[in-house]
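# Inside the fold
Next come the chains, spelled out residue by residue.
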Amino acid sequence: VWSVSNAEWHCKVDEGPVGLAHARWSPDGRHVLAAADFNLRITIWSLLDRSVYYIRYPKFAREGLDFSADGRQMALAERRDFHDSVNIFECDGWTPVRAFAVATQDLADLKWSPDGSVICCVDTVLQYQVLLYSAAGKHLQTYRPYEHALGVKSVSWCPDGRFLALGSYDERARILNNVTWERLAECEHPADVGQAL
């Protein structure tokens, strides 16, 4: 890690024998989150005081981790005893606040809404299922437009959190509203992009 403003400052993050699968910044830019190989742990390295925090058994190295828009909390996908759950951490001290089970077959990813009130959980690519939970862990809605086909390919919130866009393997994008979580619009991707222009 090198400093842009101070050419003299640098540091090295080394996970040792457990290996490094992925690294990312915390929202405050003062911590590096290093995911070990085989999803053994996430090590949080402080660049200020050299303190280290460990979170054991994340479900993924890259996916399944998102921060609230204000950067104060982190949501992390975990799988224990063959059940998926979401664990919420306070970023100030990296302490767990709450954990709640999610009704997924195989949680693939999660995204926090921009207003910090909702966590969108995407189920396995083998079925189309999106589950919406409050930040407190209350199940708000399950969205399943069809069955027996591949599911969600991408998820994106609009900047104010009022709409959730879901791209899927049936070459359609669906827009959900944040009041009823019903489909507001559905757009089909044409076979020939030139025709759409």
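### Description of empty space enclosed by the protein
- Using the criterion set out here, one finds one cavity of 30 Å³ or more in the structure.
- There is about 30 Å³ of room inside the largest cavity.
- As for the largest cavity, its lining consists of His 22, Arg 24, Leu 33, Ala 34, Ala 35, Ile 42, Ala 61 and Leu 65.
- Ranked by residues supplied to the lining of the largest cavity, first place goes to strand S2 (residues 31-36) with three residues.

### Some remarks on the sheet that holds strand S4 (residues 52-56)
- Strand order across the open sheet formed by four strands is S1-S2-S3-S4, with antiparallel pairing between neighbours. Each of the sheet's edge strands pairs with one partner strand only, and the pair in question is strand S1 (20-25) and S4. Each adjacent strand pair in this sheet contributes to an overall mean axis angle of 20 degrees, direction not counted.
- Pairing geometry for S2 and strand S3 (residues 41-46), over five bridges, is antiparallel. Pairing of Ala 35 across the sheet is with Ile 42, part of S3.

### Focus on the layout of surface pockets
- Empty space within the largest pocket amounts to approximately 230 Å³.
- Residues of the lining of the largest pocket, tallied by class, amount to six nonpolar, two polar and two charged.
- Of the pockets and cavities examined, the second largest pocket occupies roughly 180 Å³.
- Only strand S9 (109-112) and strand S13 (152-157) provide two or more residues apiece to the lining of the second largest pocket.

### What about the sheet that holds strand S5 (residues 65-67)?
- Strands sit in the order S5-S6-S7-S8 across an open sheet of four strands; the sheet is antiparallel. Each having just a single partner strand, S5 and strand S8 (95-101) make up the two edges of the open sheet. Each strand axis lies, on average, 25 degrees off the axis of its neighbour in the sheet, ignoring direction.
- Note: S5 against strand S6 (residues 73-80), three bridges, orientation antiparallel. Counted as the bridge partner of Asp 66 is Ala 75 from S6.

### Concerning the packing of aromatic side chains
- Tallying each qualifying case throughout the model produces five aromatic pairs.
- Ring centres of Phe 67 and Trp 94 lie 6.5 Å apart, and the angle between their planes is 75 degrees; on these two criteria the pair is classed as edge-to-face. Linking Phe 67 in strand S5 with Trp 94 in the loop between strand S7 (83-90) and S8, this pair joins segments that are 27 residues apart in sequence.
- The class for Trp 94 is buried, based on a relative accessible area of 6%.
- The interplanar angle of 75 degrees and the centroid separation of 6.1 Å between the aromatic rings of Tyr 128 and Tyr 143 together place this pair among those described as edge-to-face. Placement of Tyr 128 in the loop between strand S10 (118-122) and strand S11 (130-134) and of Tyr 143 in strand S12 (residues 139-143) is noted, with a sequence separation of 15 residues between them.
- Tyr 143 gets classed as buried once you look at its relative accessible area, which sits at 9%.
- These aromatic residues form a ring-pair network of at least three members: Tyr 128, Tyr 143 and Tyr 146.

How each quantity is defined
Residues numbered from 1 in each chain as written. Predicted model: local features only at pLDDT ≥ 70, side-chain atom pairs only at ≥ 80, totals over all residues. Heavy atoms only, no water. 1 Å grid on protein atoms, 1.4 Å probe; cavity = no way out; pocket = protein on both sides within 12 Å on 5 of 7 lines; lining within 4 Å. Points joined across faces, edges and corners; volume = space filled by probe spheres on them. Helix = DSSP H or I, 4+ residues; strand = E, 2+ residues; numbered from the N terminus. Pairing = 2+ DSSP bridges. Axes fitted to C-alpha atoms, helices over the stretch in contact; angles between N-to-C directions. Nonpolar A, V, L, I, M, F, W, Y, C, P; charged D, E, K, R; others polar. Phe/Tyr/Trp six-rings, centres within 6.5 Å; stacked < 30°, edge-to-face > 60°. Buried < 20%, exposed > 50% of the residue type's maximum accessible area, 1.4 Å probe, protein only.

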